[in-house]
Amino acid sequence: MSPVAALALLAALVLLATAVGLVQRARAGRLRSASGTVTAADLGVDAPLGARASLVQFSTPTCAQCPGTARLLSGLAADHPGVVHLEVDLTRHPDVADRFGVLQTPTTLLVDAGRAVRARIGGAPRRDALEHELRTVLGGPDAR
Amino acid sequence: MPADRPPIDPRGPRFGAGVTAVLLLVDLFLALTGAGVAAVVLLAAICAVFAWGAFAGIGRHPYGALFRRFVRPRLAPPAELEEAAPPTFAQGVGFVITLLGVVAGLLGATGLLAVLAALAFVAAFLNSVFGYCLGCRAYVLLLRARIIRPA
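Residues numbered from 1 in each chain as written. Chains lettered and ligands numbered in written order. Predicted model: local features only at pLDDT ≥ 70, side-chain atom pairs only at ≥ 80, totals over all residues.

If you check an unreviewed UniProt entry, chain B appears there as DUF4395 domain-containing protein from Amnibacterium soli.

As named in an unreviewed UniProt entry, chain A is Thioredoxin domain-containing protein, taken from Amnibacterium soli.

**Here we look at the pairing of strand S4 (residues 107-112) of chain A**
Residues and elements named next belong to chain A. How we decide: Using C-beta atoms placed from the backbone, we call a residue buried if 20 or more other C-beta atoms fall within 10 Å of its own, exposed if 12 or fewer do, and partly exposed for counts in between. Only DSSP runs of H or I reaching four residues or more are called helices, and only runs of E reaching two or more are called strands; each is numbered from the N terminus. A pair of strands is labelled paired if DSSP reports no fewer than 2 bridges between them.
Taking burial as the measure, the 6 residues of S4 include 6 buried ones, the bulk of the element. Where burial is concerned, the two faces of S4 agree: the one with Thr 107, Leu 109 and Val 111 and the one with Thr 108, Leu 110 and Asp 112 are both buried. Alignment of strand S2 (residues 53-59) against S4, held across 6 bridges, turns out to be antiparallel. Bridge pairing in S4 places Ser 54 opposite Val 111. The loop that links S4 with its antiparallel partner strand S5 (residues 117-122) comprises 4 residues; one of these, Arg 115, has a positive phi angle of about 70°.

**Some words on the interface of chain A and chain B**
Selection rule: Placing a C-beta atom from the backbone of each residue, one calls two residues in contact when those atoms lie within 7 Å. Residue polarity is assigned by list, with Asp, Glu, Lys and Arg as charged and Ala, Val, Leu, Ile, Met, Phe, Trp, Tyr, Cys and Pro as nonpolar; anything else, Gly included, falls into the polar class.
Every contact between the two is made by 28 residues of chain A and, on the other side, 30 residues of chain B. Breaking the side of chain A that touches chain B down by element, the ones donating at least two residues are helix H1 (3-27), helix H3 (66-79) and helix H4 (94-99) of chain A. When residues in the side of chain A that touches chain B are grouped by element, the largest group, 10 residues, is from H1 of chain A. Here the residues of the side of chain A that touches chain B sort into 17 nonpolar, 8 polar and 3 charged.

**Regarding unusual backbone geometry**
For residues that are not glycine, phi is negative in most cases, and the peptide bond is trans in most cases. That bond from Thr 105 of chain A to Pro 106 of chain A is cis: its omega, -5°, falls within 30 degrees of zero. Although it is not a glycine, Arg 115 of chain A adopts a positive phi angle of roughly 70°. Tracing the chain through its elements places Arg 115 of chain A in the loop between S4 and S5. Accessibility expressed as a C-beta count within 10 Å gives 14 for Arg 115 of chain A, which makes it partly exposed. The phi dihedral of Arg 146 of chain B is positive, around 65°, even though this residue is not glycine. Within the secondary structure, Arg 146 of chain B is located in the segment after helix H6 (134-144). Classification of Arg 146 of chain B by C-beta neighbours within 10 Å gives exposed; the count is 10.

Next comes the structure, spelled out in structure tokens:
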């Protein structure tokens, strides 16, 4: 291959990687609608779910954004009585990753008092959007 | 790999990934223009640095030392520190991919070397520019495929 053709190929590769990065950044942390129900047994944890809502976080030890996400979610839980933050280490519970179809960590589920999954977030959550949805869930169906 | 390593400035690994991404682009250029031997030698050097980071830990990485000596003094303190385990794991992923590339090059499969160097470049570029960890995503998939076993 000529040097000019090689450089063109390298430029195309850089553009491709940039496009992948931009798409990923636009999608990460967004709330998506979700369905299904969750019990503590499904998650393989001993701790009970929250009385009013739960923030369930799936993590792995090699995940760079998991500790920051844990701080964000436990802060939200502390600000809202009856809300619990539960962190599940998928390395110890790979069956949980299968059950919930987890493809990346952190993945967060917003679960309401009736144990229904109301929203799902891949990547580090965007605090404002998550808190808004959490307030909606805490307000009950009438607040929607 | 031991998990009890002190936390690090997260900008260190991103600086290192930038250096690695540039070196991988140079390597890819060598492979594409027919300088197969030079491509294998450079990729072997990149692979050796990955091995250093993976086995000695990210805290002892040579690019991390460069970062602390020349870059960090010019920056504000980090907003928060990061666990050492994720970037150390990422170094291991880079080590495996570039090692496969070196083996391919030694067997004369320069095309395969180029593909693996391109893959490693994309991962290093995404890490450096976007802070996005492709290897972390691979970890979850390996876990679900039961290639990584529960601790």
